[in-house]
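Survey of secondary and tertiary structure
In case you want the letters, here they are:
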Amino acid sequence: MPKETKDALNRTIKNFIWEDDSFPRIANKTLRNPITEGGLDLLDLEVRNKAINIIWLKTYLNFSPKCLEWAIVTDLIIKAIAPNSLNKRAIINPFLQRWATPTRGTNALKTNNNIQRMIKVAKKFNINLTAIRITPQLSAQPLAWYHLSVEPRVVNTTAAKCLLEKHQTYTVAELMEASARIRNPSPDNPYRQSTYCQYRPCRIDREKNSINPDKCALEAKRQIELILPKLNPMHQGYHHRNLLLTRMRKGQNIRVRVETVQSSLIPQ
Ligand SMILES: [Zn+2]
């Protein structure tokens, strides 16, 4: 809601309640309280507008195939105004990656007020992707570049650009696939760290015009290694996540159970 409209509505409400009284004796804050708490349940436009913006944001953050067309267009606009220092091919969505949409400056002026309000409300309430525990399958789905758990860093090496432009590598799962030849060494794996490696994945990469597939595979591995353990499907001990019962915790649980049974058997 534009500020002028909000101010006009607030004036109308004030006039209705107080008519010509220029010095109301009850604060608006009190009037907005529920009737049971001594208020009039008066409409709080500020809060109502924030709620509307949050609902817009919720709709925008629907990343399923059912997302609405305006959300797709919004993504394109946000991407267009992203800082020039970012690799435009690598950025997809600021809520799924670690980069921010400008809310000030020349680029911010290129967006409409609805987008700005939505971005600001997300910042205000610190909206971000979070989960207590993520399965390996789910942790492979996030976008690989400007990963949420990785400190912001430039994406400008030749190998990184090649991974993006020629290998079309965008997600963690795709990085895993691109680096599998290095991560799974075995006598049966004929991969050689050479520009002329004849292993099938390297040949396929060269068909995509990748000049140094071995360097690209190394870069993919390096990107995965930057991801923090909690969101890293390749991290050793990923399946434990500090949530499974270790031998010591199982022992502690048994001890507590025995003590509980013993104390319940003592006559009170
Ligand atoms: Zn390449």
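As the structure is a prediction and not an experimental result, all values here were calculated from the model. (Residues numbered from 1 in each chain as written. Predicted model: local features only at pLDDT ≥ 70, side-chain atom pairs only at ≥ 80, totals over all residues.)

1. Side note on the overall build of the chain
Put simply, the rule reads: Elements are defined by DSSP. Helices are runs of H or I of four residues or more, strands are runs of E of two residues or more, and each kind is numbered from the N terminus. Our radius of gyration is a C-alpha quantity, and the globule rule it is checked against amounts to 2.2 Å times the number of residues to the power 0.38. Residues with at least 20 other C-beta atoms within 10 Å of their own are called buried, those with 12 or fewer are called exposed, and the rest are partly exposed. The C-beta atoms themselves are positioned from the backbone. A residue pair is marked as a contact if its C-beta atoms, positioned from the backbone, fall within 7 Å.
Assigned secondary structure in the chain consists of 12 helices and zero strands. Mapped from its N terminus to its C terminus, the chain presents α and β elements in the order α-α-α-α-α-α-α-α-α-α-α-α. Compactness check: the chain gives a C-alpha radius of gyration of 28 Å against a globular reference of 18 Å for 268 residues, more than 25% above the reference. Residues counted as buried form 17% of the 268 residues belonging to the chain. Partitioning the intrachain contacts of the chain with sequence separation of at least 6 by distance along the chain shows that 64% fall at a separation of at least 24.

2. Some details on the environment of I52
Within the element layout of this structure, I52 appears in helix 3 (residues 45-60). Note on I52: 14 C-beta atoms within 10 Å, which makes it partly exposed. Here the alpha-carbon distance between I52 and F95, two residues 43 residues apart in the chain, equals 19 Å.

3. Observations concerning the packing of helix 9 (residues 172-183) against helix 11 (residues 213-226)
Inclusion rule: In this analysis, axes come from line fits to C-alpha atoms, helices being fitted only over the stretch in contact, and the angle between any two N-to-C directions falls in the range 0 to 180 degrees. By the definition adopted for this analysis, an angle is roughly parallel if under 35 degrees, roughly antiparallel if over 145, roughly perpendicular if from 65 to 115, and oblique otherwise. The crossing is said to be left-handed when, going from far helix to near helix, the turn is anticlockwise and less than a right angle, and right-handed when the turn is clockwise. Just so you know the grouping, Ala, Val, Leu, Ile, Met, Phe, Trp, Tyr, Cys and Pro go in nonpolar, Asp, Glu, Lys and Arg go in charged, and all remaining residues, Gly too, go in polar.
Contact geometry of helix 9 with helix 11 gives a least axis separation of 8 Å together with a crossing angle of 120°. Accordingly, the angle class assigned to the pair helix 9 and helix 11 is oblique. Like other packed secondary-structure pairs, helix 9 and helix 11 cross with a definite hand, here left-handed. Residue-level inspection shows V172, L175, M176, A178, S179, R181, I182 and R183 of helix 9 in contact with helix 11, the latter providing C216, A217, L218, A220, K221, Q223 and I224. Classifying every residue of the contact of helix 9 with helix 11 gives 10 nonpolar, two polar and three charged.

4. Comments concerning the domain arrangement of the chain
Inclusion rule: The domain limits used here are those given by an automatic or database domain assignment.
Along its sequence, the chain is organised into domain 1 (3-124) and domain 2 (136-231). Between the C-alpha centres of domain 1 and domain 2 the distance comes to 39 Å. Contacts between domain 1 and domain 2 engage nine residues on the former and 12 residues on the latter. A breakdown of the residues in the side of domain 1 that touches domain 2 according to their chemical character gives five nonpolar, two polar and two charged.

5. Remarks on the packing of helix 10 (residues 200-207) against helix 11
Where helix 10 contacts helix 11, the two axes come as close as 9 Å, and the packing angle between them is 105°. On the basis of the axis angle, helix 10 is roughly perpendicular to helix 11. Facing helix 10, whose interface residues are C202, D205 and R206, helix 11 presents P213, D214 and C216. Classifying every residue of the contact of helix 10 with helix 11 by side-chain character gives three nonpolar, no polar and three charged.

6. Observations concerning the confidence of the model for the chain
To keep it simple, the criterion reads: One confidence number per residue, pLDDT, is output by the predictor and ranges from 0 to 100.
Scored by pLDDT, the chain comes out at a mean of 85, with 91% of its residues at no less than 70. Within the chain, the lowest mean pLDDT, 68, falls on helix 12 (residues 247-265), and the highest, 95, falls on helix 8 (residues 158-165).

7. Structural notes on the environment of A90
In this structure, A90 sits in the loop between helix 4 (69-80) and helix 5 (105-109). On the basis of neighbour counts, which here come to 20 C-beta atoms within 10 Å, the residue A90 falls in the buried class. Each C-alpha atom, one on A90 and one on L138, is 20 Å from the other, the two residues being 48 residues apart in sequence. Setting aside chain neighbours within four positions, we find A90 in contact with W145, Y146, V155 and L164.

8. Brief notes about the environment of C67
Along the polypeptide, C67 turns up in the loop between helix 3 and helix 4. Separated by 106 residues in the primary sequence, C67 and A173 have C-alpha atoms spaced 23 Å apart. Excluding residues within four positions of it along the chain, C67 makes contact with N62 and I72.

9. A closer look at the nonpolar core
Across soluble globular proteins, nonpolar side chains have a tendency to be buried as a group. Quick reminder of the rule: For the purposes of this analysis, a nonpolar core is taken to be any set of buried Ala, Val, Leu, Ile, Met, Phe, Trp, Tyr and Cys residues that are connected through C-beta atoms within 7 Å.
Of all hydrophobic cores here, the largest spans 19 residues; its most connected members are L163, L175, A178, C216 and A220. The set of elements that each furnish at least two residues to this core consists of helix 8, helix 9 and helix 11. Contact partners of A220, with chain neighbours within four places excluded, come to L163, T169, L175, A178 and S179. With five residues, the next largest nonpolar core counts Y60, I78, I115 and M118 among its residues.

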